[in-house]
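Tertiary structure, described
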Amino acid sequence: GVAFSETFLVLMGTPADVLPLSALYMRLYFCGMTFNMVYNFCAAILRAIGDTKNPLIFLGIAGVINVVLNIILVQMIGISGIILSTVFSLFVSIPWENYTIFKYVFHRSSKPYYGKMFLSAGTMVIAGAITLWLCSLPGDSILALLLKGCICVIVPNVVFVGLNFRRQEFGDTVALVKRIIKRKF
């Protein structure tokens, strides 16, 4: 999505006068998609165990934060403020959702896991920022689009491995994948 935002908009016939802002909005939207997925995943877990009240409360709080930040950020930074306020409002509700999941699903405190979660989130932010910057470089030729596509696949994975390969969870995941490949799970 980040690499091909402008191309997709051109193919859809977006008017040239709104194309730069539309492409910026889409790139920011795709960069914030991770927070949207985590928020929805956590809410789905809570709903699956029968807790429909807390996801509604989290959604309401996120909605209020989103509206307030929309008003403030649009005045300050323009259209980018709309998507940034949406992403931030979802980001703010994720720790509350995690706390609730650990409390009701795992029956334990979430505190020991927050450091690992923030490290993983930081890794995603760094990988996303590098990918956004590289994919925002000019060029709409077929070669440039293929290069951007490769960048969007390779760079985040290299950054993730580079920042996490020494963590125990990474080693455990690699061992699990090897067992799955050998069909010994």
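All figures in this text were calculated on a predicted structure; none of them were measured in a lab. Residue numbers here run from 1 along each chain, matching the order of that chain's written sequence. At least 70 in pLDDT is required for a residue's local features to be given in this predicted model, at least 80 for side-chain atom pairs to be given and counted, and no such filter applies to totals for whole chains, interfaces and linings, which use all residues. Side-chain measures were taken over the full set of non-hydrogen atoms in the model, leaving aside hydrogen atoms and water.

1. Describing the confidence of the model for the protein
In low-pLDDT regions, the fine details of the predicted coordinates are not to be read closely. The predictor attaches a confidence to each residue, called pLDDT, with possible values from 0 through 100. Residues with a pLDDT of 70 or more make up 95% of the protein, whose mean pLDDT is 81. We count a stretch as a helix when DSSP gives it H or I for four or more residues in a row; a strand needs E for two or more, and each element gets its number in order from the N terminus. Predicted confidence in the protein is weakest over helix α5 (residues 111–135), with a mean pLDDT of 76, and strongest over helix α3 (residues 53–77), with 90.

2. Considering helix α4 (residues 80–106)
The length a helix should cover is 1.5 Å for every residue beyond the first. Compared with the 39 Å implied by 1.5 Å per residue over 27 residues, the 38 Å span of α4 between its first and last C-alpha is a close match. The reported bend at a residue is simply the angle between two axes, fitted to the 7 residues ending at it and to the 7 residues beginning with it. Ile 94 marks where α4 bends most, by close to 25°; the proline Pro 95 follows one to four residues later. His 107 occupies a position one or two residues after α4 and carries a positive phi of about 55°.

3. Examining the packing of α3 against α4
Axes, fitted as lines to C-alpha atoms, cover a helix only where it is in contact. Angles between the N-to-C directions of the axes lie from 0 to 180 degrees. Look at α3 against α4: their axes get within 7 Å of each other, and the N-to-C directions meet at 155°. Between α3 and α4, the angle falls in the class roughly antiparallel. α4 is crossed by α3, and the crossing has right-handed handedness. Looking at the contact of α3 with α4 residue by residue, the classes come out as 14 nonpolar, 10 polar and 1 charged. Geometric relationships in this document are graded by angle, where less than 35 degrees denotes roughly parallel, more than 145 denotes roughly antiparallel, 65 to 115 denotes roughly perpendicular, and other angles denote oblique. Here is the rule for handedness: rotate from the far helix to the near one, and if that takes an anticlockwise turn smaller than a right angle the crossing is left-handed, while a clockwise turn gives right-handed. The nonpolar class holds Ala, Val, Leu, Ile, Met, Phe, Trp, Tyr, Cys and Pro. Asp, Glu, Lys and Arg form the charged class, and all remaining residues, Gly among them, are polar.

4. Focus: the side chain of Glu 97
Residue position: Glu 97 is located in helix α4. The classification of residues rests on relative accessible area computed with a 1.4 Å probe and restricted to protein chains. Under 20% of the type maximum is buried, over 50% is exposed, and intermediate values are partly exposed. In this tally, Asp and Glu contribute negative charge and Lys and Arg positive charge; neither His nor the terminal groups of the chain are included. The term salt bridge refers to a pairing of a side-chain nitrogen on Lys or Arg with a carboxyl oxygen on Asp or Glu at a separation within 4 Å. Despite its burial, Glu 97 pairs with no opposite charge; the closest candidate is Arg 47, at 6.6 Å N-O.

5. Observations regarding a nonpolar patch on the surface
Within the patch definition used here, like charges are joined within 9 Å and nonpolar side chains (Val, Leu, Ile, Met, Phe, Trp, Tyr) within 5 Å, considering only residues with over 30% relative accessible area and no salt bridge. Here the Shrake-Rupley method, with its probe set to 1.4 Å, supplies the accessible areas, and only the displayed protein chains count as covering residues. Taken together, the side chains of Val 64, Val 67, Val 68, Ile 71, Ile 72, Met 76, Ile 77 and Leu 84 present a nonpolar region at the surface, about 740 Å² in accessible area. At 7 residues, α3 tops the list of elements feeding residues into the nonpolar patch. Inspection of the secondary structure assignment puts Val 68 in helix α3. The class for Val 68 is partly exposed, based on a relative accessible area of 44%.

6. Considering the nonpolar core
One finds Leu 28, Phe 35, Tyr 39, Cys 42, Leu 46, Phe 58, Ile 83, Val 87, Leu 90, Ile 94 and Ile 101 forming the largest nonpolar core, which totals 11 residues. Of all the elements in the fold, those that place two or more residues in this core are α2 (19–48) and α4. Should any heavy atoms of two residues lie within 4.5 Å, those residues are considered in contact. Not counting residues up to four positions away in its chain, the partners in contact with Phe 35 are Val 87, Leu 90, Phe 91, Ile 94 and Val 125. Of all hydrophobic cores here, the second largest spans 5 residues; its members include Ala 127, Cys 135, Val 155 and Val 159. The criterion is simple. A nonpolar core is a set of buried Ala, Val, Leu, Ile, Met, Phe, Trp, Tyr and Cys residues joined through side-chain atoms within 4.5 Å.

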